[in-house]
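Here is how the chains run, residue by residue.
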Amino acid sequence: MILADKIIMLRKRYGWSQEELAEKMQVTRQSVSKWEGAQSIPDLDKILRLSQIFGVSTDYLLKDELEDAEYSDHVEDTYTLRRVTMEEANAFLSIKEFTAKRIALATFLCIISPITLFLLNAARESQALTISEALASGIGLIVLFLLVAVAVAVFITSGSMTSQYEFLEKESFETEYGVSGMVRERQKQYRATYTKYNVIGACLCILSVIPLFIGGLLSEDGLILASMLSITMLLAGVGAMFFINAGINWASMEKLLQEGDYSRKNKQRSPVIGAIATVYWLLVVAAFLAYSFFSNDWQNSWIIWPVAGVLFAALMVICNALDRKER
């Protein structure tokens, strides 16, 4: 019996489809189909995985003259998937629904954190307030760091609440009977809300630039421009809240269903991408503060953020393309 026939026989013995075997092997269904059709032969690493998954010896797989396989009592522990119960799935969805609002609010606080700094410096320059530059910048920075500190605290506490479910994002797993059906039903019910929140978020983010344009057309007064910029940031922040709230809830259901960005294949993506994103935004914050302090141009230094956002999107596209190429 040739290898192709043995793979077919063993797969059927375990009751797996080609798709299921492909997921366990971390290959495409087409690869399994070619193996079973004797159109290609798995490399040595894949042979070892097949041996462990099916619980047979590599000799049996490789030697055509060996017709009878000596089965192990169990599959290798390395390939034993964690099973998610209905109780765990419901608890995870409830926690994510709770933390989604908190994370959205924390993001909003980060976005609006520089507003006090902008307004106080603009008011001082337009002589609407008779305070020193040091006092205006000092109060503004204190408010900025307080809001960021609160946001960071929320991020950390929210992360700790869901830390026990990190395996849903990073590992392959199986679900108990009924879990997938329950999640799909909730996803179906949430789809209208998900769409609505994304539409609202997109509209707010697009319309958020209008106050800034209006301020630039109507007046060159620094305080008015700073006020319009503040309104722009508030609208963008509210829009981001809708995006994040909807995105987290939708992603939590995709994690349980192992679909989209959380499919078993996509879970193998390089963790370097996350590290690059973290370092990137830390550098952006450092650049913003350094430029603003040295130039004292707080009214214009905000332009760093939208530029950084566009560059970040381009960076992620490049990173994802390189990651896929390596795989």
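Residues numbered from 1 in each chain as written. Predicted model: local features only at pLDDT ≥ 70, side-chain atom pairs only at ≥ 80, totals over all residues. Heavy atoms only, no water.

Asker: What is the right way to read the packing of aromatic side chains from this model?
Answerer: This structure, assessed with the given rule, holds 5 aromatic pairs. Relative to tyrosine 165, the ring of phenylalanine 92 has its centre 5.3 Å away and its plane inclined at 55°; by these criteria the two rings are tilted. Of this pair, phenylalanine 92 sits in helix H6 (residues 86-112) while tyrosine 165 sits in the loop between helix H8 (133-162) and helix H9 (167-170), and the two are 73 residues apart along the sequence. Note on accessibility: phenylalanine 92 and tyrosine 165 belong to one class, buried. Taking the centre distance of 6.2 Å and the plane angle of 80° together, the rings of phenylalanine 167 and phenylalanine 173 count as edge-to-face. Residue class for phenylalanine 167 comes out buried when judged on its relative accessible area of 8%. Sitting above the plane of the tyrosine 60 ring, lysine 6 keeps its charged end 4.4 Å from the centroid. (Phe/Tyr/Trp six-rings, centres within 6.5 Å; stacked < 30°, edge-to-face > 60°. Helix = DSSP H or I, 4+ residues; strand = E, 2+ residues; numbered from the N terminus. Buried < 20%, exposed > 50% of the residue type's maximum accessible area, 1.4 Å probe, protein only. Lys NZ or Arg CZ within 6 Å of the ring centre and 35° of its normal.)

Asker: In this structure, what is going on with the environment of tyrosine 177? I would like to understand it.
Answerer: In this structure, tyrosine 177 sits in the loop between strand E2 (173-175) and helix H10 (179-207). Looking at tyrosine 177, the relative accessible area reads 84%, which means it is exposed. Sequence separation between tyrosine 177 and threonine 85 is 92 residues; the distance between their C-alpha atoms is 8.4 Å.

Asker: Teacher, can you tell me more about the confidence of the model for the protein chain here?
Answerer: Reading fine detail from the predicted coordinates is not recommended where pLDDT is low. Confidence along the protein chain averages 81 in pLDDT terms, with 83% of residues attaining 70 or more. The model gives residues 73-79 a pLDDT under 50, and that stretch makes 9 contacts with residues more than four places away or in other chains. (pLDDT = per-residue confidence, 0-100. Contact = heavy atoms within 4.5 Å.)

Asker: Is there a simple way to explain the side chain of threonine 162 in this structure?
Answerer: Inspection of the secondary structure assignment puts threonine 162 in helix H8. Beyond its immediate chain neighbours, meaning those up to four positions away, threonine 162 contacts Ile95, Lys96 and Thr99.

Asker: Would you mind showing me how to read the nonpolar core here?
Answerer: Across soluble globular proteins, you tend to see nonpolar side chains buried next to one another. Ranked by internal contacts, the top residues of the largest apolar core, which has 18 residues, are Val84, Leu93, Leu168, Val183 and Leu256. Not counting residues up to four positions away in its chain, the partners in contact with valine 183 are Leu93, Met253, Leu256 and Leu257. Counting 16 residues, the second largest nonpolar core, distinct from the first, contains Leu10, Trp16, Val32 and Trp35. (Core = buried A, V, L, I, M, F, W, Y, C linked by side-chain atoms within 4.5 Å.)

Asker: What should I look at first to understand the packing of helix H1 (residues 3-13) against helix H4 (residues 44-54) in this one?
Answerer: Helix packing for two helices is described by the angle between their axes and how far apart those axes are. At their nearest, the axes of H1 and H4 sit 11 Å apart, and the two run at 30° to each other. Classified by the interaxial angle, the pair formed by H1 and H4 is roughly parallel. In this structure, H1 crosses over H4, and the sense of that crossing is left-handed. Contacts between H1 and H4 involve Leu3, Ile7, Leu10 and Arg11 from the first element and Ile47, Leu50 and Phe54 from the second. (Axes fitted to C-alpha atoms, helices over the stretch in contact; angles between N-to-C directions. Parallel < 35°, antiparallel > 145°, perpendicular 65-115°, else oblique. Left-handed = near helix turned anticlockwise from the far one by under 90°.)

Asker: Please explain a nonpolar patch on the surface as it appears in this structure.
Answerer: A cluster of nonpolar side chains, namely Ile206, Leu207, Val209, Ile210, Phe213, Ile214, Leu217 and Leu218, defines an oily patch on the protein surface of about 840 Å² accessible area. Mapped onto the nonpolar patch, the elements with two or more residues apiece are H10 and helix H11 (209-218). Tracing the sequence through the fold places leucine 207 in helix H10. (Patch = residues over 30% accessible without salt bridge, like charges linked within 9 Å, V, L, I, M, F, W, Y side chains within 5 Å. Areas by Shrake-Rupley, 256 points an atom, 1.4 Å probe, with all protein chains shown as cover. Salt bridge = Lys/Arg side-chain N within 4 Å of Asp/Glu carboxyl O.)

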